[in-house]
Amino acid sequence: MFTRNIRFFAVASAMLSIAPLATASAATPLRSFGEIEFRSDPASLVDEVRADLAAHMPTGTSLDTARAMLKDAGAKCRPASADGAVRCRYYGIRVHGDGMEPVSWTVDLNTTDNMVQSFTLVRQ
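So, a few notes on the structure that sits alongside this text. Note that the coordinates shown come from a computational prediction; the quantities given were computed from them, not determined experimentally.

A word on the pairing of strand E3 (residues 99-112)
Strand direction decides the pairing type here: strand E2 (residues 86-96) and E3, joined by eleven bridges, are antiparallel. Bridging from a neighbouring strand, arginine 89 pairs with threonine 106 of E3. Connecting E2 to the next strand, E3, in antiparallel fashion are two residues, including glycine 97 with a positive phi near 50°. Pairing geometry for E3 and strand E4 (residues 115-123), over eight bridges, is antiparallel. In the sheet register, aspartate 108 faces E4, and the bridge partner there is threonine 120. Taking the residues that link successive antiparallel strands as the turn, the E3-E4 hairpin has two residues, and the phi of aspartate 113 there is positive, at about 50°.

Structural data, given as structure tokens:
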């Protein structure tokens, strides 16, 4: 039983590392940052993740909706600052080869009247 579970996770991890990111649509949820970090080279996916976020969170999206989506993706959002800026961040561990390193994805939302106007995305 234990060996079968290990095999399942090994196959699932291999499939995640070769499958492309899904095309975003309103019907598909935002991919989790943790899932992205299981890919073979998540740093090369920043532009894809940015496009996925833009598709899920176009200009005019309510701040509450954006926060909920980012929370579901694994990020934690701070309260809005006086100028309406909101920082959401995912913290995780990247396992590679024989080592581990901390990783974070930061989404800075620029808002007006509780509506997302733009955002930036950085992976560190």
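Now, onward.
Structural notes on the environment of aspartate 64
Mapped onto the elements of the fold, aspartate 64 is located in helix H4 (residues 63-72). With relative accessibility at 63%, the residue aspartate 64 sits in the exposed group. C-alpha of aspartate 64 to C-alpha of asparagine 114: the two residues are 50 residues apart in sequence and 7.8 Å apart in space.

Conventions we followed
- Residues numbered from 1 in each chain as written.
- Predicted model: local features only at pLDDT ≥ 70, side-chain atom pairs only at ≥ 80, totals over all residues.
- Heavy atoms only, no water.
- Pairing = 2+ DSSP bridges.
- Helix = DSSP H or I, 4+ residues; strand = E, 2+ residues; numbered from the N terminus.
- Buried < 20%, exposed > 50% of the residue type's maximum accessible area, 1.4 Å probe, protein only.

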